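Working through the structure, step by step
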Amino acid sequence: MKAVLCRSLGPASSLTLETLDDPHPGPGEVKVRVKAFALNFFDTLIIEGKYQIRPELPFSPAAEFSGIVEAIGDDVDRFRPGDAVIGYIRFGAARDVVIAIEDDLIPMPDGISFEAAAGLSVTYGTTLHAFRDRAGLQEGETVAVLGAAGGVGQAAVEIATIMGARVIACASSDDKLAFARSLGATETINYATEPLKDRLKALTSGMGADVVYDPVGGDLAEQAVRATAWEGRYLVVGFAAGEIPKIPLNLVMLKGCDIRGVFWGEAIIRDPESHWSNMTQILDWVRQGKLKPHIHAVYPMERTAEAIQEIADRKVRGKIIVTP
């Protein structure tokens, strides 16, 4: 099989494409022939040793993929050879063949392309977990999405809209906000030119947002908490701004609101059945045409390093998909 390998930590240009022996599944494992894999911003970090997960060298980047089950080990009940699946394995998907455990895989229904399915797990999985499992989002509630044109921010605008929420998209430029409107946002805030707290209050008649989805952090976090409604839920999704904020706890008390962490990578380990349910829902929305994943570009595997560099240069809006 062909595999993209990181043999030494460094930039994308240091990745190599090599030929390896095909692996074989052990007990509880599934061998999947990869049809497409997706790249995320964390792939730019993991190859430089700057991510929270630090695999032993050599390793392949890419965490999410789609493909066809080729073989199964003993004690595998849910899958058979020939099944189409999507999967998330944290790293190692940038190759022709992957070995996954049963809980890493979700059945892929007919009517969805491998390219579209490959990039659903991380951004959409994180977001539905955030809204359904952590926030308990209800139809008719108001959701403020920070970083609304980024990977998870884009997914948040789309999924909150599908769930019947009123979405206020918040981003740092007018073109990003126009993109968010095309995904379903009804109001927008440019927090590079407008005060986030004041505008959120103004757009909610002074009440604040029922749910704040924050993958940005930094200086925006406290403003967003101050604009969270009574008994609202502020979701801590990530820190794209690079700074972990310190929130005055008196705000939480005075507003009767909750600050809730969203750690999807751990949640799917602790509760795989909920992950299965969430991903089945996402795939069903895609099949019905309610959710239309935005693919920035599709690359052949020989250009994986170039694709990762494009993400590192922040030139991407939507998913980068690679096909072996």
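Residues numbered from 1 in each chain as written. Predicted model: local features only at pLDDT ≥ 70, side-chain atom pairs only at ≥ 80, totals over all residues. Heavy atoms only, no water.

On to the sheet that holds strand S9 (residues 166-171). Strand order across the open sheet formed by six strands is S10-S9-S8-S11-S12-S13, with parallel pairing between neighbours. Edge positions in the sheet fall to strand S10 (187-190) and strand S13 (258-261), since each has one partner strand and no second. The mean inter-strand angle of the sheet, taken between neighbouring strand axes irrespective of direction, is 20°. The pairing of strand S12 (residues 228-236) with S13 spans four bridges and is classified as parallel. Note that in S13 the partner of Tyr234 across the bridge is Ile259. (Pairing = 2+ DSSP bridges. Helix = DSSP H or I, 4+ residues; strand = E, 2+ residues; numbered from the N terminus. Axes fitted to C-alpha atoms, helices over the stretch in contact; angles between N-to-C directions.)

Here we take up the pattern of salt bridges. Close approach of charged atoms allows side chains of opposite charge to pair. Per the counting criterion, the structure on display carries 18 salt bridges. Two residues, Glu187 and Arg166, come together in a salt bridge whose shortest N-O distance is 2.9 Å. Taken together, the residues span a long stretch of sequence, with Glu187 in strand S10 and Arg166 in strand S9 at a distance of 21 residues. The residue Arg226 makes a salt bridge to Glu222 at a minimum N-O spacing of 2.9 Å. Taken together, the residues Arg226 and Glu222, both in helix H7 (residues 220-226) and four residues apart, mark about one turn of the helix. Taking relative accessible area as the criterion, Glu222 reaches 28% and is therefore assigned partly exposed. (Salt bridge = Lys/Arg side-chain N within 4 Å of Asp/Glu carboxyl O. Buried < 20%, exposed > 50% of the residue type's maximum accessible area, 1.4 Å probe, protein only.)

Here we take up the side chain of Asn190. Tracing the chain through its elements places Asn190 in strand S10. By relative accessible area, which is 7% here, Asn190 ends up buried. Separated by 2.9 Å, the side chain of Asn190 and the backbone nitrogen of Ala192 make a polar contact. Ignoring sequence-local partners within four residues, the contact set of Asn190 consists of Ala171, Ser172, Ser173, Asp174 and Leu177. (Polar contact = N/O pair within 3.5 Å; in protein donor to acceptor, adjacent residues only side chain to side chain. Contact = heavy atoms within 4.5 Å.)

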